[in-house]
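Residue-level listing of the chains:
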Amino acid sequence: LPLLLEATLLQLISGFHHPFYNGFYYNRIMNDNGNGQEKETDFNGARLVVETSKDPIYSSSGANVTLPCHYYYKPDLESKYKIRIKWSKLRNDYTKDQDVLVAIGKTYVAFGDFQGRAHLHQTSRREASLVVSDVRLQDDGIYRCEVIDGLEDESDVVELRLQGIVFPYQPPQGQYSLNFHEAERVCQEQGAILATFNQLFQAWSEGLDWCNAGWLADGTVQYPIRQPRKQCGGLHLAPGIRSYGLRHRHLNRFDAFCFSSGLRGEVFYLDHPAGMTLEEAKQSCQDAEAEIARVGQLYSAWKFLGLDHCDAGWLADGSVRYPIAKPRANCGPAEPGVRNFGFPSKGKFGVFCYKER
């Protein structure tokens, strides 16, 4: 980009752009108390309107998605200046929005993790839609589409929801051993991220019932209960999400609720007549030109690909699990799920491997 244009874009992203006169007029209406405070702003002339989808936009990990955004004027007119468009992502902890993309005319700059993945879709008049390619787990959330025409600055928000699965996670150290930052790390190590409240709520509505409290992405600690019981908040409470509220991110320790989405590859099972140690299992996956599967990958294969295998196998974190899509005798409880044998220090098992397509 020319230096002047790049500087202008940076001014826009920081919010310190110069005002432009565009022929619009403002009439300040004072409040009835006569104390000099403004009650509202009455705009005489054309009004800029920005609209996005009122319904969430659904996608999955690795896919491409378009977040729609259009703008128009009431009454209709043509702008005298180049329209500026800014896309940002609202953070789960309500801190400063994450910059995604800024555009002037047909020239744009993407920021951070969105570099090389985000661009504008402007095939129709007054369209400001955002295209995100190779969708990642952390892309899930609420986005703001902001349109700036001189002094006029209007925006609307749209939600991107990834189709995925929430699973509770305890590390080998056992229950309630993770602070917030450690919970973030262990989820990432398992091919997942910390779940948001909306993702946990969706999982609860689909049947997730878990009595141990876990970290969420906003720094709160919560847990989902479908069947109230004494040791899980008491019998007197209705089913729902139990909340401990915000907790100290360094000092307090709980489990984690992780979120994983669709897979770009496949999870498959390997066995040996005598079973395998964890190190032997890792080598077997490498020999098959794959890698030992992570917990998030096993959950995703179970939920989205219907993976069903009654034999237990090693996973990358040293746990032994197996996925059951069709419950049957000698394969654990009567409901579908991923069975967990914990982190055995001894014993030989098969292994679940993961291979990219």
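Here the structure is a predicted model, which means the values were calculated and not measured.

Some thoughts on the overall build of the protein chain
So, point 1. Each helix and strand in the protein chain was counted, giving 5 helices and 25 strands.
So, point 2. Residues classed as buried in the protein chain amount to 44% of the 357 residues present.
So, point 3. The contacts in the protein chain between residues at least 6 apart in sequence include a share of 60% that link residues at least 24 apart.
So, point 4. With an accessible surface of roughly 18500 Å², the protein chain has 50% of that area assigned to carbon and sulfur atoms.

What about the pairing of strand β23 (residues 320-324)?
As a general feature of sheets, a regular strand has side chains that alternate between the two faces.
So, point 1. Burial analysis of β23 places 5 of its 5 residues in the buried class, the great majority of the element.
So, point 2. The alternating pattern of β23 places Val 320, Tyr 322 and Ile 324 on one face and Arg 321 and Pro 323 on the opposite face, and all of these are buried.
So, point 3. Where strand β22 (residues 313-314) lies against β23, 2 bridges are found, and the strand directions are antiparallel. Note that in β23 the partner of Gly 313 across the bridge is Arg 321.
So, point 4. As defined by bridge partners, β23 adjoins strand β24 (residues 337-340) across 4 bridges and the pair is classed as antiparallel. Each bridged residue has a counterpart across the sheet, and for Arg 321 the counterpart in β24 is Asn 340.

Concerning the state of the cysteines
So, point 1. Counted by the stated rule, this structure contains 5 disulfides.
So, point 2. Each sulfur in the disulfide pair Cys 69 and Cys 145 lies 2.0 Å from the other. Here the disulfide of Cys 69 and Cys 145 is left-handed, its torsion about the S-S bond being about -80°. In this pair, Cys 69 is assigned in strand β6 (residues 69-74) and Cys 145 in strand β12 (residues 141-149), connecting sequence segments 76 residues apart.

So, the sheet that holds strand β10 (residues 118-121)
So, point 1. Read across the sheet, 3 strands follow the order β5-β11-β10 without closing on themselves; strand pairing throughout is antiparallel. Each edge of the sheet is formed by a strand with only one pairing partner; in this case those strands are β5 (65-67) and β10. Ignoring which end each strand starts from, the neighbouring axes of this sheet average 30° apart.
So, point 2. Here β10 runs beside strand β11 (residues 129-132); their pairing, made up of 4 bridges, is antiparallel. Bridging across to β11, Leu 120 finds its partner in Leu 130.

Focus on the layout of surface pockets
Unfilled space is identified by rolling a water-sized probe across the atoms.
So, point 1. In this structure, the second largest pocket encloses a volume near 980 Å³.
So, point 2. In terms of lining residues, the second largest pocket is bounded by 38 residues, among which Leu 137, Gln 138, Asp 139, Ala 192 and Ile 193 are the most central.
So, point 3. For the lining of the second largest pocket, the elements supplying multiple residues, two or more each, are α2 (180-189), β15 (193-194), β19 (255-261) and β25 (350-356).
So, point 4. It is α2 that contributes the most residues to the lining of the second largest pocket, 3 residues altogether.
So, point 5. Here the lining of the second largest pocket is built from residues that sort into 11 nonpolar, 12 polar and 15 charged.

Some words on the pattern of salt bridges
So, point 1. Going through the model one piece at a time under the given rule, you end up with 14 salt bridges.
So, point 2. A salt bridge links Asp 156 to Lys 54, with the nearest nitrogen and oxygen atoms 3.0 Å apart. Residue Asp 156 is located in strand β13 (residues 152-162), and its partner Lys 54 is located in the loop between β3 (47-52) and β4 (57-59); the two are separated by 102 residues in the primary sequence.
So, point 3. In this structure, Lys 282 and Glu 279 form a salt bridge, with 3.8 Å as the shortest nitrogen-oxygen distance. Note that Lys 282 and Glu 279 are positioned in helix α4 (residues 278-287) at a spacing of 3 residues, about one turn of the helix.
So, point 4. A relative accessible area of 28% means that Lys 282 is categorised as partly exposed.

Details of the packing of aromatic side chains
So, point 1. Following the criterion strictly, the structure yields 13 aromatic pairs and no others.
So, point 2. For the pair Trp 314 and Phe 349, a centre-to-centre distance of 5.5 Å together with 85° between the ring planes defines the contact as edge-to-face. Of this pair, Trp 314 sits in strand β22 while Phe 349 sits in the loop between β24 and β25, and the two are 35 residues apart along the sequence.
So, point 3. Put simply, the rings of Tyr 176, Phe 180, Trp 215, Tyr 223, Tyr 244 and Phe 254 pair up and form one aromatic cluster.
So, point 4. In this structure, Arg 226 packs its charged tip against the face of Trp 204, placed 5.4 Å from the ring centre.
So, point 5. Over the ring of Phe 180 we find Arg 249; its NZ or CZ atom is 4.2 Å from the centre of that ring.

Notes on unusual backbone geometry
So, point 1. The linkage connecting Lys 74 with the following residue, Pro 75, adopts the cis geometry, with an omega of -10°.
So, point 2. With a phi close to 60°, Arg 126 is a non-glycine residue in the positive phi region.
So, point 3. Following the sequence through the fold, Arg 126 ends up in the loop between β10 and β11.
So, point 4. Of note in the backbone geometry, Tyr 176 takes a positive phi value of approximately 55° without being a glycine.
So, point 5. Among the secondary structure elements, Tyr 176 is positioned in the loop between β14 (164-169) and α2.
So, point 6. On the basis of relative accessibility, which here comes to 29%, the residue Tyr 176 falls in the partly exposed class.

What to know about the environment of Val 100
So, point 1. Along the chain, Val 100 turns up in strand β8 (residues 98-104).
So, point 2. What makes Val 100 buried here is its relative accessible area of 0%.
So, point 3. Val 100 sits 14 residues away from Phe 114 along the chain, and the two C-alpha atoms are 6.1 Å apart.

Parameters at a glance
- Residues numbered from 1 in each chain as written.
- Predicted model: local features only at pLDDT ≥ 70, side-chain atom pairs only at ≥ 80, totals over all residues.
- Heavy atoms only, no water.
- Helix = DSSP H or I, 4+ residues; strand = E, 2+ residues; numbered from the N terminus.
- Buried < 20%, exposed > 50% of the residue type's maximum accessible area, 1.4 Å probe, protein only.
- Contact = heavy atoms within 4.5 Å.
- Areas by Shrake-Rupley, 256 points an atom, 1.4 Å probe, with all protein chains shown as cover.
- Pairing = 2+ DSSP bridges.
- Disulfide = S-S within 2.5 Å.
- Axes fitted to C-alpha atoms, helices over the stretch in contact; angles between N-to-C directions.
- 1 Å grid on protein atoms, 1.4 Å probe; cavity = no way out; pocket = protein on both sides within 12 Å on 5 of 7 lines; lining within 4 Å.
- Points joined across faces, edges and corners; volume = space filled by probe spheres on them.
- Nonpolar A, V, L, I, M, F, W, Y, C, P; charged D, E, K, R; others polar.
- Salt bridge = Lys/Arg side-chain N within 4 Å of Asp/Glu carboxyl O.
- Phe/Tyr/Trp six-rings, centres within 6.5 Å; stacked < 30°, edge-to-face > 60°.
- Lys NZ or Arg CZ within 6 Å of the ring centre and 35° of its normal.

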